[in-house]
Structure formats: structure tokens, C-alpha cells
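Next come the chains, spelled out residue by residue.
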Amino acid sequence: MARVIDIYRCLDGKAPFELQMSFDNSGFLVGRGDREVQRVMVALDITEAVVEEAAEKDCQLIVSHHPIIFHPAKSITDKEPVGRCLLSLVEHGIAAICAHTNLDAVAGGVNDALAQVLGLEKVKLLREEGVDANEQAYGIGRMGEVSGFSDAASFAQFVKQTLKVSGLRLEDAGRPVRQVAVGGGACGDLLEMVAALGCDTFVTSDVKYNVFLDARAMGVNLIDAGHFSTENVVCPVLAQWITEGFPELKVFLSTEHREIFTGI
């Protein structure tokens with residue numbers, strides 16, 4: 001029977017936790033390592049609704065992208081959201097494993113999943129951060145080629161429909177879409193690199209006003225497709241990794257966790 005620590009080791013083999021950025025807090029964050037697992041919930045975030053959903057499905061483990069504990073906790077009470085989530089996890093006996101920036105960077109992780117969903121071909125790293133123990137290069141962001149789009153507006157509509165975004169923001173620099181860069185989550189700081197590498201279009205999220213101005217000046221089509229939508233594409237990947245490693249487990253994708261806002 002699979003234990004929490006076994007699933008952690010499986011994920012560590014796919015997206016080594018040692019590759020996480022210095023500010024991050026990825027890893028096995030809640031629970032007992034020797035707890036036996038029959039059912040797993042996968043979600044982008046561990047929210048109160050996700051914990052309740054996992055409890056209703058009798059899951060012993062939640063695997064998420066964003067860490068449930070990010071900043072050092074001075075208290076764990078029901079007076080604030082993180083405290084309520086942690087209390088609920090413990091009360092229901094549910095463990096938590098969170099793979100964040102390590103999952104952003106590795107092959108097959110967030111950025112490769114985003115590139116694949118958007119149909120990029122000849123995909124390569126935007127910026128190589130290093131090489132892992134298996135001599136596999138890793139880094140944040142991907143770039144690749146697309147075809148069939150006459151302009152940025154038509155590609156933006158494709159992104160909106162494909163990622164099921166309720167609304168996105170577009171800076172149309174007037175360039176045809178051929179060479180596209182993607183950065184799941186908040187990667188607006190990569191714009192200068194994207195431009196230097198010859199990309200005409202950049203899909204990311206949480207873009208600041210000044211970055212849109214810079215994109216116009218650099219002649220790069222810039223699409224802000226939302227943090228949730230550009231990263232939630234990795235949840236099926238996590239579920240597949242767990243299923244491949246432990247075929248006997250029942251693995252669920254959260255249906256309670258979805259985009260937090262609605263475009264109007």
C-alpha cells in the first residue's frame with residue numbers, strides 16, 4: 001500500500017524539490033509520512049473548499065502546486081484562511097504535498113504543459129537555470145512555434161477558449177504570431193528576454209501596467225491570461241504522474257477549485 005512519503009518520493013523524482021527557488025516552500029508540508037493512501041486529490045491551491053471536497057471523497061492526501069504554507073506561521077487558528085485550512089487538514093487526517101517553483105522549471109511541468117496545451121512546436125527553454133541529477137536541463141519559461149494565426153487578436157481568442165479564461169488582457173503590437181513564449185504564472189519580468197530571443201508574442205499572467213508599456217515599445221504581443229488559467233494546466237500532469245507511479249490509487253482532480261474571479 002502506498003504511503004504519503006512514497007508519493008512524495010515519486011514526485012521528487014519527477015520534479016526534484018531541491019530545484020525550488022530560495023524563496024519557495026515546496027515539499028511535504030502537512031501530515032504523517034507513513035499514512036497509507038488510497039485516494040488523492042490534485043488541485044492548484046489548497047483552499048477550504050478543496051479540503052472539504054477531499055474529505056467528502058475520503059482522500060488521505062492533497063497534492064497542489066501552490067504551497068499551503070508559504071510564509072512562516074506565527075499562529076494556526078480559525079481566525080484566518082490558512083489557519084482554517086491547516087486545521088481542517090489535520091482534523092480530517094489529510095496530508096499535503098506542494099510542488100511549486102520546482103514544478104514550474106522541470107521538463108514536463110507547468111511551462112511545458114502550457115506550451116503543449118497552446119500547441120507550440122519545437123519547444124525549448126527560455127532560460128536554462130541548470131541541469132538536474134539526470135542531466136536534464138531545467139528553467140522557467142518556454143518558447144516555440146505556432147501557425148495558422150493571422151494576428152495577435154485571433155491568437156488571443158484561441159488562448160481564451162483553450163485555457164477557458166473568462167477574460168484576458170492583450171497588448172497587440174501588430175505583429176503576426178509565429179514565435180510564442182509562455183510563462184505560467186507571474187512571469188512578466190521575462191519580457192526583455194522574450195524580446196531578445198526574437199519572440200513576437202508572450203503569454204503569461206499578473207502583468208503590471210508598465211510591462212504592457214514596455215511590450216508596446218519592444219513590439220511584442222503580450223497576453224495576460226490569468227494566473228489560475230496559465231498554471232492549472234499542470235494539475236492533470238500531476239494526476240498522471242501519481243497514477244503512473246501508483247496504479248492502485250484513485251486520483252481526483254478538484255472540481256471545487258476554479259478561477260477566483262469572473263470577467264464582466
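Since the model is a prediction, treat every value here as computed from it, not as a measurement.

1. Some thoughts on the packing of helix H2 (residues 48-56) against helix H3 (residues 81-92)
Remark: H2 packs on H3, axes separated minimally by 9 Å, with the N-to-C direction vectors making an angle of 10°. By the criterion of interaxial angle, the relationship of H2 to H3 is roughly parallel. Across from Glu48, Val51, Glu52 and Ala55 in H2, the residues of H3 making contact are Pro81, Arg84, Cys85, Ser88, Leu89 and His92. Here the contact of H2 with H3 is composed, by residue class, of 5 nonpolar, 2 polar and 3 charged.

2. Considering the side chain of Asn102
With respect to the secondary-structure elements, Asn102 resides in helix H4 (residues 101-105). If near-sequence neighbours (up to four positions away) are discounted, Asn102 is found in contact with Ala15, Pro16, Phe17, Leu19, Gln20, Asp24 and Ser26.

3. A short note on the sheet that holds strand E13 (residues 250-253)
Reading across the sheet, the 5 strands line up as E1-E4-E3-E2-E13 and stay open at both edges, with mixed pairing between neighbours. Strands at the two margins of the open sheet, each flanked by one partner only, are strand E1 (27-30) and E13. Strand-to-strand twist in this sheet, taken as the mean axis angle between neighbours without regard to direction, amounts to 25°. Strand direction decides the pairing type here: E1 and strand E4 (residues 95-98), joined by 3 bridges, are antiparallel. Counterpart to Val30 in the pairing with E4 is Ala96.

4. What about the environment of Lys57?
Structurally, the position occupied by Lys57 is in the loop between H2 and strand E3 (61-64). A relative accessible area of 30% places Lys57 in the partly exposed class. Setting aside chain neighbours within four positions, we find Lys57 in contact with Arg39, Met41 and Phe252.

5. Details of the packing of aromatic side chains
Following the criterion strictly, the structure yields 5 aromatic pairs and no others. Aromatic side chains Phe155 and Phe158 sit 5.9 Å apart centroid to centroid with 35° between the ring planes, which places their arrangement in the tilted category. Of this pair, Phe155 and Phe158 both sit in helix H6 (residues 152-162), separated by 3 residues, roughly a single helical turn. On the basis of relative accessible area, Phe155 is assigned to the buried category, the value being 0%. On the basis of relative accessibility, which here comes to 25%, the residue Phe158 falls in the partly exposed class. Aromatic rings pair up to connect Phe149, Phe155 and Phe158 into one cluster. Stacked on the ring of Phe252, the Lys or Arg Lys57 has its end atom at 5.8 Å from the ring centre.

Conventions and cut-offs
- Within each chain, residue numbers correspond to sequence positions counted from 1 in written order.
- Local features are withheld for residues below a pLDDT of 70 in this predicted model, meaning they are given only at 70 or higher, and side-chain atom pairs are given and counted only at 80 or more; totals for whole chains, interfaces and linings count all residues.
- Excluded from the side-chain calculation are hydrogens and water; included are all heavy atoms of the structure.
- In this analysis an axis means a line fitted to C-alpha atoms, helices contributing only their contacting stretch, and an angle means the value between N-to-C directions, from 0 to 180 degrees.
- Numbering of helices and strands starts at the N terminus; helices are DSSP runs of H or I of at least 4 residues and strands are runs of E of at least 2.
- Comment on the angle field: the value is read as roughly parallel under 35 degrees, roughly antiparallel over 145, roughly perpendicular from 65 to 115, and oblique elsewhere.
- Only heavy atoms enter the contact rule, under which two residues are in contact if any of them lie within 4.5 Å.
- Side-chain classes follow a simple rule in which Ala, Val, Leu, Ile, Met, Phe, Trp, Tyr, Cys and Pro form the nonpolar group, Asp, Glu, Lys and Arg form the charged group, and the remainder, Gly included, forms the polar group.
- Should DSSP find at least two bridges between two strands, the strands are taken to pair.
- Each residue is assigned to one of three classes by its accessible area relative to the maximum for its type, calculated with a 1.4 Å probe on protein chains only: buried under 20%, partly exposed between the two thresholds, exposed over 50%.
- Whether two aromatic rings pair depends on their centres lying within 6.5 Å, for rings of Phe, Tyr and Trp, where Trp uses its six-membered ring; planes under 30 degrees apart make the pair stacked, over 60 edge-to-face, and the rest tilted.
- Two conditions define a charge sitting above a ring: the NZ of Lys or the CZ of Arg must be within 6 Å of the ring centre, and it must be within 35 degrees of the ring normal.

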